[in-house]
Amino acid sequence: MSGNGSLLFGKDAVKTRKLLVVGFLALVTWGACSAQMLHWPTDASKLLSSSFCEYRPGRFHAGIDIKTNGAVGYKVFAVRPGYVSRVVVSPYGYGRVLYQVLDTGETAVYAHLSRFMEGIEERIYAEQERRGRFSVELYFRPTEFPVEQGQTIAYTGQSGTSAPHLHFELRDRYNCPLNPLLFGLPVQDTRAPVLRRLALIPMDVASRVDNDLRPALRALRALPGSRFSLPEVPEVWGRIGLAVSCFDQADGASNRFSVYSLRLMVDGREAFRSEYQRFCYEQNREMVLDREFRLEARGYGDFQRLFRDPSNGLRFYRSPFPSAGVLLCGVEGAPGDLLLNVGQHEIVIEARDYAGNKASLEFSLLVVSPGRQQPLTSPSIAWSKLLEEADSLAEQIPGPWPEDTSESTVLFLAQGDSMRKRDEVVFFGARRGAPVRGGLIVESDFYDDFARVVVRTPQRLLQPPRLAVWYSGEKTLDLVSWAIGPQVYVTGLPIQGRHRGELCVEAEAVATTGDTLWGASCATLWPVSPERGGRVRSEDGLCEIRFEGGAVYRPLYARVEEVTILPASRVPVIGKVYRFEPSDVPLKGRGWLSISLAEQQSRPEQLAIYGVGQKGVLSFMGSQVEPRGTKVWCSIGRLGTFAVVRDSVPPVITALLPADGATLATRQPMLRVDFYDRLSGIGGEESIELRLDGERVIAEYDPPRRCAFYQPRKPLTVGPHRVSVVVTDRCGNSARAEHRFIVR
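Quantities reported herein were computed from a predicted structural model and do not represent experimental measurements.

**Some thoughts on the state of the cysteines**
The tally for this structure, following the rule as stated, stands at 2 disulfides. Across a sulfur-sulfur distance of 2.0 Å, Cys 176 and Cys 280 are joined as a disulfide pair. Around the S-S axis, the bridge from Cys 176 to Cys 280 shows a dihedral of about 95 degrees and counts as right-handed. Of this pair, Cys 176 sits in the loop between β13 (165-171) and β14 (177-178) while Cys 280 sits in the loop between β23 (269-275) and α3 (287-290), and the two are 104 residues apart along the sequence. The residues Cys 176 and Cys 280 share a single accessibility class, namely buried. Each sulfur in the disulfide pair Cys 504 and Cys 522 lies 2.2 Å from the other.

Printed below as a string of structure tokens:
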């Protein structure tokens with residue numbers, strides 16, 4: 001094959017046909033549903049602010065958001081006939097939300113409401129009074145609240161969120177969200193998506209993009225007609241994945257939306273296609289496998305993959321193969337992989353929205369065999385002959401040289417796999433003398449199953465540095481590096497299959513001045529298995545994360561180190577600060593983090609574990625404390641930096657209404673308290689105790705606006721009244737306030 005891709009199909013053909021039939025039946029079902037037009041769900045507007053399957057931290061956006069002009073109180077309509085099956089009232093998540101079972105079997109979800117239809121609102125109030133709390137959930141029989149298409153069932157609001165809008169979802173009979181635009185909802189859209197950047201990602205230690213192992217990000221050039229190009233031709237080798245940063249647009253809105261479909265074409269043949277039509281909540285965390293999590297975690301933004309991760313069970317993808325879209329450039333692969341021979345190949349990436357508007361990127365990709373340096377270890381080569389040649393070359397290298405230690409002589413062949421010319425033999429720092437300590441800076445950047453080792457040098461070198469790998473005190477590997485920039489060298493270190501132990505990489509090189517330079521990088525690896533789990537423990541033994549089986553998608557090689565980070569809030573850290581890596585690898589489940597303290601602590605209820613951000617910003621993680629105050633633990637969903645911090649400062653009450661001494665004309669005044677907490681935060685509505693004339697009232701807690709409020713349903717008596725509040729944070733610190741007012 002010359003310059004063309006070929007898809008391999010083998011014994012998986014029968015399985016492939018079965019999966020395609022299942023996919024076809026699902027599409028037929030959705031097609032039938034889409035023929036049943038839905039009524040637009042609100043009179044606020046027909047403009048969107050978010051689309052289906054947009055990126056949210058750790059999950060997909062499960063519906064569409066409809067703009068409500070920054071206001072609340074617009075009508076919400078039933079999109080089809082059916083009945084109200086459930087309502088939930090909560091300070092969090094969807095806030096006030098109504099669930100309607102449609103006559104076609106799907107469930108429509110209307111969220112962030114301000115109030116419900118007549119009859120339901122009274123049932124909610126009665127349940128709140130019965131339970132003595134704001135948060136309630138009610139289920140209804142089909143005969144209790146039947147509704148017709150277009151009937152007003154609620155009013156828009158901003159409950160559970162920071163800005164007014166209507167969140168609308170459609171779920172199938174299995175409670176899996178469907179793209180609502182599949183069901184005929186009219187959205188005016190004549191604008192094509194926009195492609196911003198392309199990522200080319202080496203998938204293993206033997207792969208390269210422009211002679212390097214790290215992902216390469218390329219800015220795209222915009223052309224007329226929603227077309228884009230790549231100014232340069234990337235050179236690749238090995239297993240390569242592509243990802244694109246893109247967004248969609250719509251008429252009348254400045255918001256950026258997620259695209260509906262992505263397609264990858266290689267030499268005129270489709271290699272990958274995704275269409276965002278449906279997902280199930282139990283697969284929500286797999287969103288991190290649909291996106292390029294590592295790039296997002298490192299601050300490069302949201303990139304959507306044009307290949308499928310083997311652990312990805314989402315149903316967005318047309319190809320049934322577990323590694324669909326991965327380009328095998330010059331190497332062999334498995335069924336479903338796209339094989340590209342050495343030479344130039346033509347790539348097309350298309351992004352479409354649901355209205356059919358399309359943007360495309362066209363560029364060339366050059367598959368080039370990397371000219372990596374290889375150690376001469378063939379037994380057919382006489383070492384005595386090589387040493388003679390090395391001694392001859394040594395005379396051409398500037399001295400002075402230390403005393404001969406010829407057994408340390410190492411030879412490398414530069415740029416090639418066989419010894420064809422005498423001048424290809426490179427003398428790589430022979431006659432090893434006492435190295436200049438600290439002359440080389442060695443940095444290890446860890447990926448899934450390999451590390452990218454970078455060596456930086458302040459001096460010009462005769463040849464690239466040589467590297468030796470030590471694991472648990474034993475030398476296990478010699479590595480070859482190559483230049484990627486002025487006085488910067490790189491190599492790949494495989495770490496797959498390692499057991500727990502200390503990994504050290506030592507680099508040594510000879511400068512043009514004759515100095516022998518040396519440097520090293522060490523880290524202890526803690527393997528975590530998808531099947532068995534594992535643990536990661538700090539060197540002092542005081543900090544540990546335990547993972548059960550099923551917590552990781554693939555073998556994880558974790559590291560932990562003590563760091564010095566001063567929290568931005570200047571609060572005292574109890575003990576040490578620990579950083580766990582890799583923080584750019586997504587976890588499938590959760591782990592248990594524990595930090596032991598060297599001394600017993602007083603007031604242990606004030607202790608908690610906090611995540612420490614790059615700028616020292618603290619985020620509360622959990623406050624499960626041993627009774628003696630010597631150990632704190634919590635669950636985590638991502639690796640990062642953690643510390644134990646004491647919170648002894650109560651919340652701050654910034655306002656309490658009515659104002660102290662106020663005289664009011666209304667007999668149903670709004671009672672409101674505004675507050676904030678600097679550290680552990682407010683745990684929930686039970687942490688806010690609002691009282692009127694000594695009796696606790698059921699206040700609505702609004703976390704985004706950091707307030708709670710209550711309006712009496714019955715008029716107050718004329719005369720003096722008293723409002724008081726106690727606000728308590730997660731660590732038990734309380735703030736109190738009391739005002740007196742008069743109703744006339």
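**Overview of the pairing of strand β58 (residues 719-728)**
Of all the 10 residues making up β58, 7 are buried; the element is thus mostly covered by neighbouring parts of the structure. One ladder, built from 5 bridges, connects strand β54 (residues 688-692) with β58; its direction is antiparallel. Residue Ile 688 lies in a different strand from β58, and its bridge partner there is Val 727. As judged from the 10 bridges shared by β58 and strand β59 (residues 734-743), these two strands associate in the antiparallel manner. Looking across to β59, one finds that His 721 is bridged to Phe 741. Count of turn residues in the β58/β59 antiparallel hairpin: 5 residues, of which Gly 732 carries a positive phi of about 90 degrees.

**Quick word on the side chain of Ser 261**
Here Ser 261 is to be found in strand β22 (residues 261-266). Residues in contact with Ser 261, not counting those within four places in the same chain, are Arg 273, Ser 274, Glu 275, Glu 350, Ala 351 and Arg 352.

**Thoughts on helix α2 (residues 120-131)**
Across its 12 residues, α2 extends 17 Å between first and last C-alpha, which sits within 8% of the 16 Å expected from 1.5 Å per residue. For α2, the complete set of buried residues consists of Ile 120, Ile 124, Glu 127 and Gln 128. Across the axial projection of α2, the buried residues extend over an arc of 100 degrees, all falling on one side. Buried residues along α2 sit against β7 (82-89), β8 (96-102), β9 (107-116) and β10 (136-139). One or two positions beyond α2, positive phi appears at Gly 132, with a value near 70 degrees.

**A look at the packing of aromatic side chains**
In this description, an aromatic ring pair is defined by two values, namely the gap between the centres and the angle between the planes. Tallied over the full model, the rule gives 15 aromatic pairs. Plain terms: the ring middles of Tyr 92 and Tyr 701 are 6.3 Å apart, the flat faces sit at 85 degrees to each other, and that makes the pair edge-to-face. Residue Tyr 92 is found in the loop between β7 and β8, and its partner Tyr 701 is found in strand β56 (residues 700-702); the two are separated by 609 residues along the sequence. Classification of Tyr 701 as buried rests on a relative accessible area of 7%. When the ring of Tyr 276 is compared with that of Phe 316, the centres are 4.7 Å apart and the planes differ by 55 degrees; the resulting orientation is tilted.

**Quick look at the pairing of strand β21 (residues 253-257)**
Looking down a regular strand, the side chains alternate between one sheet face and the other. By the bridge criterion, 2 bridges tie strand β20 (residues 235-250) to β21 in an arrangement that is antiparallel. Looking across to β21, one finds that Ala 250 is bridged to Ala 253. A loop of 2 residues connects β20 with β21, the two strands running antiparallel in sequence, and Gly 252 in this loop sits at a positive phi of about 75 degrees.

**A closer look at the environment of Gln 283**
Examined against the element boundaries, Gln 283 turns out to sit in the loop between β23 and α3. Since its relative accessible area comes to 16%, Gln 283 is described here as buried. With residues near it in sequence (within four places) discarded, Gln 283 still touches Gly 313 and Leu 314.

**Comments concerning the sheet that holds strand β51 (residues 652-657)**
One open sheet holds the 4 strands; their spatial order is β51-β53-β57-β56, and the pairing between them is antiparallel. Since the sheet does not close on itself, it has two edges, and those belong to β51 and β56, each with one partner. Between one strand axis and the next, the sheet turns through 15 degrees on average, direction left out of account. Alignment of strand β53 (residues 671-676) against strand β57 (residues 707-710), held across 4 bridges, turns out to be antiparallel. What sits directly across from Arg 672, in β57, is Phe 709.

**Here's the deal with the environment of Pro 704**
Relative to the elements of secondary structure, Pro 704 occurs in the loop between β56 and β57. Sequence separation between Pro 704 and Tyr 92 is 612 residues; the distance between their C-alpha atoms is 9.1 Å.

**Some points on the nonpolar core**
Residues Leu 195, Leu 242, Leu 264, Leu 327 and Phe 363 are the most contacted members of the largest nonpolar core, which totals 47 residues. The dominant element in this core, judged by the number of residues it contributes, is β20, at 6 residues. The contact partners of Phe 363, leaving out residues within four places of it in the chain, are Leu 198, Leu 230, Leu 242, His 345, Glu 346, Ile 347 and Ile 349. Listed in part, the 41 residues of the second largest apolar core include Val 87, Tyr 110, Leu 166 and Leu 181.

**Structural notes on the confidence of the model for the chain**
When pLDDT is averaged across the chain, the result is 87; 85% of the residues are at 70 or more. In this model residues 1-35 is a low-confidence stretch, pLDDT under 50, and it forms 48 contacts with partners more than four residues away in sequence or in other chains. The low-confidence segment residues 372-435, where pLDDT is below 50, has 94 contacts with residues more than four positions distant or belonging to other chains.

**What to know about the sheet that holds strand β45 (residues 591-596)**
With antiparallel pairing, the 5 strands of this open sheet are ordered in space as β41-β42-β45-β49-β48. Where the open sheet ends on each side, the last strands, each with one partner, are β41 (534-537) and β48 (624-625). Summarising the sheet, β48 and strand β49 (residues 631-636) pair through 2 bridges and their orientation is antiparallel. Among the inter-strand pairings, Val 625 is bridged to a residue of β49, identified as Val 632.

**Considerations on the pattern of salt bridges**
Side chains that carry opposite charge are capable of pairing whenever their charged atoms lie near each other. Counting across every chain of the model gives 48 salt bridges. Note that Glu 685 and Arg 133 form a salt bridge whose closest N and O atoms lie 3.4 Å from each other. A residue pair is termed long-range when its members are at least 10 positions apart, and Glu 685 in the loop between β53 and β54 and Arg 133 in the loop between α2 and β10 qualify at 552 residues. Arg 298 is the salt-bridge partner of Asp 445, the closest N and O atoms lying 2.9 Å from each other.

**Let's talk about unusual backbone geometry**
Residues Glu 581 and Pro 582 are joined by a peptide bond in cis, for which omega reads 10 degrees. Locating Pro 582 in the fold gives a position in the loop between β44 (573-581) and β45. At the junction of Leu 657 and Pro 658, the peptide bond is cis and its omega measures out at 5 degrees in the coordinates. Phi is positive for Arg 603, close to 45 degrees, though the residue is something other than glycine. Relative to the helices and strands, Arg 603 is located in the loop between β45 and β46 (607-612). Classification of Arg 603 by relative accessible area gives partly exposed; the value is 44%.

**What about the environment of Ile 595?**
Locating Ile 595 in the fold gives a position in strand β45. We classify Ile 595 as buried; its relative accessible area is 1%. When the C-alpha positions of Ile 595 and Leu 542 are compared, they lie 5.7 Å apart, and in sequence the two are 53 residues distant. Apart from the residues within four sequence positions on either side, Ile 595 is in contact with Leu 542, Cys 543, Tyr 578, Ile 609, Thr 630, Lys 631, Val 632, Phe 642, Ala 643 and Val 644.

Basis of the calculations
Residues numbered from 1 in each chain as written. Predicted model: local features only at pLDDT ≥ 70, side-chain atom pairs only at ≥ 80, totals over all residues. Heavy atoms only, no water. Disulfide = S-S within 2.5 Å. Helix = DSSP H or I, 4+ residues; strand = E, 2+ residues; numbered from the N terminus. Buried < 20%, exposed > 50% of the residue type's maximum accessible area, 1.4 Å probe, protein only. Pairing = 2+ DSSP bridges. Contact = heavy atoms within 4.5 Å. Expected span 1.5 Å × (residues − 1). Arc of directions from axis to C-beta. Phe/Tyr/Trp six-rings, centres within 6.5 Å; stacked < 30°, edge-to-face > 60°. Axes fitted to C-alpha atoms, helices over the stretch in contact; angles between N-to-C directions. Core = buried A, V, L, I, M, F, W, Y, C linked by side-chain atoms within 4.5 Å. pLDDT = per-residue confidence, 0-100. Salt bridge = Lys/Arg side-chain N within 4 Å of Asp/Glu carboxyl O.

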